Protein chains: 2
Amino acid sequence: MTIVHILHTNGITMDWDLIVVGGGPAGLSAGLYGVRAELETLVLESRQPGGQIATAGIVENYPGFPEGIMGIKLAENFRLQAEKAGAQILPMQEVESVEIERNRFLVRSNSNSYFARAVIIATGLRHRKLGVQGEKEFTGRGVSYCFTCDGPFFRDKNVVVVGSGTSAVEAALYLGKLAKNVKMIMKAKNYAPREKIQYSRMKNSGIETIPLTEVIEIYGDELVRGIKIRNLKNGELGEIETDGVFVEIGKTPNTDFLKNLPIKMDSAGYVITNDRQETNIPGIFAAGDVTSASVKQLGVAVAQGTVAALQAYAYLNGRG
Amino acid sequence: MTIVHILHTNGITMDWDLIVVGGGPAGLSAGLYGVRAELETLVLESRQPGGQIATAGIVENYPGFPEGIMGIKLAENFRLQAEKAGAQILPMQEVESVEIERNRFLVRSNSNSYFARAVIIATGLRHRKLGVQGEKEFTGRGVSYCFTCDGPFFRDKNVVVVGSGTSAVEAALYLGKLAKNVKMIMKAKNYAPREKIQYSRMKNSGIETIPLTEVIEIYGDELVRGIKIRNLKNGELGEIETDGVFVEIGKTPNTDFLKNLPIKMDSAGYVITNDRQETNIPGIFAAGDVTSASVKQLGVAVAQGTVAALQAYAYLNGRG
């Protein structure tokens, strides 16, 4: 009921104990633990709850599911569990700023403003863009940042994967099973996934790699038709005809909305926390992939959301 | 096959990349991530895999299970997942010492010795004892440290719970639903569970509390018949007839086997780690409830096991 009120009355300001910015695994875990600690907890998600995990294929490394679980199903479970416990989750709320107002925080989204006594930042990462001509124009028309979402549209077609890290390798292996042809284009000399097993799978896949090469343009008509490339060693130019361009050149934290807040971040824009998920601002915590923690794993994000909510509870009860 | 060999050949020494001491959620997650990183990984568990979670009732706060999941089922899932991935898990291996032998570690159990290039300590906690006359004698005959395991034997009987923290409150609430009468005996003035909701449930339960009181003896014949108590304020002695004594006065880390290792622990015996789960000894990591981390939650233990294994992998590959 409160929800309907908020959604339909523009400009209304609501008071919460805890606002969690971001509805991925870290944010939804924080929401679950917030309400379990009897905090009035609101989770604001810029799109739909679930975060990156909702776009993953089968998740085999989240402990508790010996047969694996589909990413979208696991995301749905996280959301359901937090909601059942009593967390309010609002989708399509792009948070634009967090401001300090005396002893509370003002959180402004694209459509509303909310007050909170404590805030947890769990906005995760977004895909890095190539920044070349045609990239924006053809996004959704051949250019994709989510191979598990869009891969099936390219069955028996030609695709390229741009990148050399874990995600690029995963994309190439995934697409290798359904596309007619997959080429991996990378600035590096060779691919370098996080896990050895991905390396050996890639080695045995027969997928063609084009090393020391950058993409300089994406072209087409209604849809992508090809890319222009440049060899980084000798400057030679070339072209590759392709139906799909999967960009997997890394991720960057979603912290633009924090630019007016004196919150400490590292040089790459990740929020710095201690092991209690506290930032340098009392009352503001951070959890999950948006933090500078070295290990980016689903289970770690979940645990950080848990710890952040318990610390927010301690903070609000004078024990922070 | 290796397993049978180890179990039946006394005194054999085996070489592993990674040995995880303890097969609870932290240890099994470490096992899962160890083998995923292609480390030859052995998990040694003193009893049966699962840890404390296997004795919990329904678990509602592990993200991923919106309907909750029985502790014993979740423990089984953790074990299955690690085993399916390729971890070797040996039950009934009480580890007695870890020794540094040049650039590897010698792990001695009650029945065997193993070498490892890296070790993760994930031995968790055990229940603290009262240390009073009759306690040891009547353990299993009325004295219990696991209300979810033994509670059902006390249906329609009289029981006491000793303690005032979260576990004591959980025990009292659980037993309140099946026993004829539950009394809570505590040295403190009042119970103090971690979560507010437990506090209000307790307040509304009608369970009798006997504050500022200690148990000084447990007596009986074949079975427990009662306890002797002392009021801490006025020294007055008393007796309570009871069929069951559930001791919930806290837990203590299982670190006795580390006493000859120069590993840093805090004053309560918890292993000190940094946020990469590294101890002060290169190659030895720790994860879960045995560490000095402030938040003792299932999800946190799982994440710490994950991080410990990934760091062990980095260490073994010269990036630690």
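The structure presented is a predicted model; accordingly, all values stated were derived computationally and were not measured.

What follows concerns the interface of chain A and chain B. The interface is formed by 39 residues belonging to chain A together with 38 residues belonging to chain B. Summing the contributions of chain A and of chain B, the shared interface buries around 3,500 Å²; its carbon and sulfur component is 55%. At the boundary of chain A with chain B, the tally comes to four salt bridges. Arg36(B) is paired through a salt bridge with Glu195(A); the nearest N and O atoms lie 3.9 Å apart. For the pair chain A and chain B, the interface holds 20 residue pairs in polar contact (both at pLDDT 80 or more). When its residues are assigned to classes, the side of chain A that touches chain B shows 18 nonpolar, twelve polar and nine charged.

Take the sheet that holds strand E13 (residues 208-210) of chain B next. Residue and element names in this part refer to chain B. The sheet built from five strands is open, its strands ordered E10-E17-E11-E12-E13 with parallel pairing. Every other strand in the sheet has two partners, leaving strand E10 (143-144) and E13 as the edge strands with one partner each. Along the sheet, helix H5 (residues 166-176) contacts strand E11 (158-162), strand E12 (181-185) and strand E17 (244-247); its crossing angle with E12, the most-contacted strand, is approximately 170 degrees.

All names here are of chain B. Looking at the secondary structure, you find Thr-291 in the loop between strand E19 (284-286) and helix H7 (298-316). For Thr-291, a relative accessible area of 0% corresponds to the buried category. If near-sequence neighbours (up to four positions away) are discounted, Thr-291 is found in contact with Tyr-270, Val-271, Thr-273, Gln-277, Ala-286, Lys-296 and Gln-304.

Glancing now at the relation of the copies chain A and chain B. Expressed as a screw operation, the relation of chain A to chain B combines 0.0 Å of axial shift with a rotation of 180 degrees, fitting to an RMSD of 0.1 Å. Interpreted geometrically, this transformation is the action of a two-fold axis. Most of the interface of chain A is mirrored in chain B, where 97% of its interface residues are also at the interface.

Before going further, it helps to examine the nonpolar core. In a soluble, globular protein the nonpolar side chains are often hidden away together inside. By size, the foremost hydrophobic cluster in this structure holds 80 residues, and its most contacted members are Tyr62(A), Leu74(A), Ile120(A), Tyr62(B), Leu74(B) and Ile120(B). Discounting residues that sit within four places of it in the chain, Ile120(B) has contacts with Leu18(B), Ile19(B), Val20(B), Val21(B), Ala30(B), Phe285(B), Ala287(B), Ala308(B) and Ala309(B).

The subject of this paragraph is the environment of Val20(B). Residue and element names in this part refer to chain B. Relative to the helices and strands, Val-20 is located in strand E1 (residues 13-21). On the accessibility criterion, Val-20 (0% relative accessible area) is buried. A sequence separation of 98 residues divides Val-20 from Ala-118, and the C-alpha atoms of the two residues are 8.6 Å apart. Ignoring sequence-local partners within four residues, the contact set of Val-20 consists of Gly-27, Ala-30, Gly-31, Thr-41, Leu-42, Val-43, Leu-44, Ile-120 and Ala-122.

Another point: the confidence of the model for chain A. All names here are of chain A. On average, chain A scores 91 in pLDDT, and the residues at 70 or more come to 95%. Below a pLDDT of 50 lies the segment residues 1-12, which in the model reaches 19 contacts outside its immediate sequence neighbourhood of four places, other chains included. Confidence metrics for the complex model read pTM 0.79 and ipTM 0.77.

Once that is clear, we can look at the domain arrangement of chain A. Residue and element names in this part refer to chain A. You can read the domains of chain A as domain 1 (8-127 + 251-316) and domain 2 (143-247). Using C-alpha coordinates to define each centre, domain 1 is positioned 32 Å away from domain 2. Across the boundary between the two partners, domain 1 contributes six residues, which contact seven residues of domain 2. Carbon and sulfur atoms supply 47% of the area buried between domain 1 and domain 2, which totals about 440 Å² over both sides. Contact with domain 2 buries area across many residues of domain 1, yet Thr-55, His-127 and Gln-297 alone supply 73% of it, more than any other trio. Here domain 1 and domain 2 share zero salt bridges between them. On inspection of domain 1 and its partner domain 2, the count reaches one residue pair in polar contact (both at pLDDT 80 or more). Class assignment of the residues belonging to the side of domain 1 that touches domain 2 gives a composition of one nonpolar, four polar and one charged.

What counts and what doesn't
- Residues numbered from 1 in each chain as written.
- Chains lettered and ligands numbered in written order.
- Predicted model: local features only at pLDDT ≥ 70, side-chain atom pairs only at ≥ 80, totals over all residues.
- Heavy atoms only, no water.
- Contact = heavy atoms within 4.5 Å.
- Buried area = accessible area lost by both parts, 1.4 Å probe.
- Salt bridge = Lys/Arg side-chain N within 4 Å of Asp/Glu carboxyl O.
- Polar contact = N/O pair within 3.5 Å; in protein donor to acceptor, adjacent residues only side chain to side chain.
- Nonpolar A, V, L, I, M, F, W, Y, C, P; charged D, E, K, R; others polar.
- Pairing = 2+ DSSP bridges.
- Helix = DSSP H or I, 4+ residues; strand = E, 2+ residues; numbered from the N terminus.
- Axes fitted to C-alpha atoms, helices over the stretch in contact; angles between N-to-C directions.
- Buried < 20%, exposed > 50% of the residue type's maximum accessible area, 1.4 Å probe, protein only.
- Least-squares fit on C-alpha atoms with pLDDT ≥ 70 in both.
- Core = buried A, V, L, I, M, F, W, Y, C linked by side-chain atoms within 4.5 Å.
- pLDDT = per-residue confidence, 0-100.
- Domains from an automatic or database assignment.

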